[in-house]
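Residue strings, one per chain:
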Amino acid sequence: MSPRVLILMGSDSDWEVMSEVRKALDELGIASEAHVSSAHRTPERTAGLAREAAGRGVEVIVCGAGAAAHLAGVVAAESELPVLGVPLASSDLQGLDALLATVQMPAGVPVGTLAIGKAGARNAGLLAARIIARGDAEVAARVRAQRARMTAEVEAKDAALQARLAAPQG
Ligand code: RP5
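Residues numbered from 1 in each chain as written. Predicted model: local features only at pLDDT ≥ 70, side-chain atom pairs only at ≥ 80, totals over all residues. Heavy atoms only, no water.

Asks: Outline the packing of helix α1 (residues 15–27) against helix α5 (residues 118–133), supporting the account with residue identities and numerical values.
Replies: Interhelical geometry of α1 versus α5 gives an angle of 30 degrees and a closest axis separation of 7 Å. By the criterion of interaxial angle, the relationship of α1 to α5 is roughly parallel. Of the two elements, α1 crosses α5, and the hand of that crossing is right-handed. When α1 is examined against α5, the residues Glu16, Val17, Glu20, Val21, Ala24, Leu25 and Glu27 are found in contact with a partner set consisting of Lys118, Ala121, Arg122, Ala124, Gly125, Leu126 and Ala128. Split by residue class, the contact of α1 with α5 holds eight nonpolar, one polar and five charged. (Axes fitted to C-alpha atoms, helices over the stretch in contact; angles between N-to-C directions. Helix = DSSP H or I, 4+ residues; strand = E, 2+ residues; numbered from the N terminus. Parallel < 35°, antiparallel > 145°, perpendicular 65-115°, else oblique. Left-handed = near helix turned anticlockwise from the far one by under 90°. Contact = heavy atoms within 4.5 Å. Nonpolar A, V, L, I, M, F, W, Y, C, P; charged D, E, K, R; others polar.)

This is how it looks when you write it as structure tokens:
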């Protein structure tokens, strides 16, 4: 199956967090491809992956990087596809450096920036799915079903809490 989402990360050390993007997409039956490619260490390769993505059928690109995280911005400069950025906490600044580098794009080159770390990586996958769902009714139905499951889980947790609170204290 050709990938609909391209996942890029600056280092293999980013995969522990960025695998959350893949997991979220797998849950929704959306094919993805993941590569290590750095804005600084492999600039030509990164530009090439970004330029070729749309022609290969990719619909959304998700980039995760830490430290001086220019990956998402560089990719957004080279592609017209929607680019989502996940800042990673891989330096002494715990991701604040990557967050600012990813989110503070100059006007004209948009990067949709998610939260630092695993929550941001999962949300990047879910947001990519919502973007794809706009033009794919099957994916839209899967997104809807997943949201219904999440609602049911929260309601079950509240019901359990209410039961505990109502129980006589021993
Ligand atoms: C960034 O530098 C990468 O995205 C990674 O988060 C960080 C550290 O990379 P390694 O030194 O572990 O390869 O470019």
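Asks: Mind laying out the site of the ligand, listing which residues take part and the relevant values?
Replies: Inspection of the region around the ligand gives Gly10, Ser11, Ser13, Asp14, Arg41, Ala65, Gly66 and Ser90 as its neighbouring residues. Here Gly66 contributes a backbone N or O atom positioned 3.1 Å from an oxygen atom of the ligand. A distance of 2.7 Å is found between an oxygen atom of the ligand and a side-chain nitrogen or oxygen belonging to Ser90. When isolated, the ligand has an accessible area of 370 Å², and the protein chains bury 71% of it. Among the residues forming the shell around the ligand, the class breakdown is one nonpolar, five polar and two charged. (Near = heavy atom within 4 Å. Polar contact = N/O pair within 3.5 Å; in protein donor to acceptor, adjacent residues only side chain to side chain. Areas by Shrake-Rupley, 256 points an atom, 1.4 Å probe, with all protein chains shown as cover.)

Asks: Describe in detail the pairing of strand β4 (residues 83–88), supporting the description with residues and values.
Replies: Most of β4 sits out of view: six of its six residues are buried. Burial along β4 is two-sided: the residues Val83, Gly85 and Pro87 and Leu84, Val86 and Leu88 are all buried. As paired elements, strand β3 (residues 60–66) and β4 share six bridges and run parallel to each other. From the neighbouring strand, Gly66 faces β4, where its bridge partner is Leu88. Taken together, β3, helix α3 (residues 71–78) and β4 form a β-α-β motif whose crossover is right-handed. Relative to strand β5 (residues 112–113), β4 runs parallel, the two being bridged by two bridges. Following the sheet pairing, Gly85 is matched in β5 by Thr113. Note on the crossover from β4 through helix α4 (residues 96–103) to β5: the handedness is right-handed. (Buried < 20%, exposed > 50% of the residue type's maximum accessible area, 1.4 Å probe, protein only. Pairing = 2+ DSSP bridges. Right-handed = clockwise from strand over helix to strand, strands pointing away.)

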